[in-house]
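Here are the chains, one letter per residue:
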Amino acid sequence: MTRCAFVIDQTLPRGLMANAAAILAMTLGKERPDLIGHAVHDADGNCHQGITTIVMPMLMSDAGGLMELKVRAAAQETSGLGMIGVTETAQRAKSYEAYELSIGEVRHGDLRYLGLCLHGPAKLVRSLTGDLPLMK
């Protein structure tokens, strides 16, 4: 069974939290179209586009915790774990071209992660995120 969890930096303002989650969700939809259901119709015949078929908890951490989680998760990628990250560099860029240029100048250890999306085997995702609090 597939599980997904979003982990967002709890120190961000609400709007930037929402933006980070949106970036991660769009990338997840591109990477894992199998997690999106088919279109459905309401009783009046109106079509509603497919939405996610799995629960996606929104969890919280801080910048240090996100980097630690990224390192732990990276070690599990060969076990079927998928990971998507959004960085401060990405969120500050005014265009994709600017993002591409900016991130090319930053060493990996200097990146500040604002959010991660982990997806894959449920047991593995839970083992990495089970101790994190829900976003409220």
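Residues numbered from 1 in each chain as written. Predicted model: local features only at pLDDT ≥ 70, side-chain atom pairs only at ≥ 80, totals over all residues. Heavy atoms only, no water.

Among the structural elements, Arg32 can be located in the loop between helix H1 (14-31) and strand E2 (40-41). Only 2.8 Å separates the side chain of Arg32 from the side chain of Asp34, close enough to count as a polar contact. (Helix = DSSP H or I, 4+ residues; strand = E, 2+ residues; numbered from the N terminus. Polar contact = N/O pair within 3.5 Å; in protein donor to acceptor, adjacent residues only side chain to side chain.)

Applying the stated rule across the entire model yields one aromatic pair. Relative to Tyr99, the ring of Tyr96 lies with its centre 5.4 Å away and its plane at 65°, an arrangement referred to as edge-to-face. With Tyr96 and Tyr99 both in helix H4 (residues 96-103) and three residues apart, this pair spans about one turn of that helix. The class for Tyr96 is exposed, based on a relative accessible area of 63%. According to the relative accessible area criterion, Tyr99 is partly exposed, its value standing at 21%. (Phe/Tyr/Trp six-rings, centres within 6.5 Å; stacked < 30°, edge-to-face > 60°. Buried < 20%, exposed > 50% of the residue type's maximum accessible area, 1.4 Å probe, protein only.)

Attention now moves to the layout of surface pockets. Space inside the largest pocket adds up to approximately 250 Å³. Forming the walls of the largest pocket are Ile23, Leu24, Thr27, Ile84, Gly85, Val86, Thr87, Ala90, Ala93, Ser95, Tyr96 and Tyr99. Mapped by element, the contributors of at least two residues to the lining of the largest pocket are H1, strand E5 (82-87) and H4. With four residues, E5 is the single largest residue contributor to the lining of the largest pocket. Taken together, the residues of the lining of the largest pocket break down into eight nonpolar, four polar and no charged. (1 Å grid on protein atoms, 1.4 Å probe; cavity = no way out; pocket = protein on both sides within 12 Å on 5 of 7 lines; lining within 4 Å. Points joined across faces, edges and corners; volume = space filled by probe spheres on them. Nonpolar A, V, L, I, M, F, W, Y, C, P; charged D, E, K, R; others polar.)

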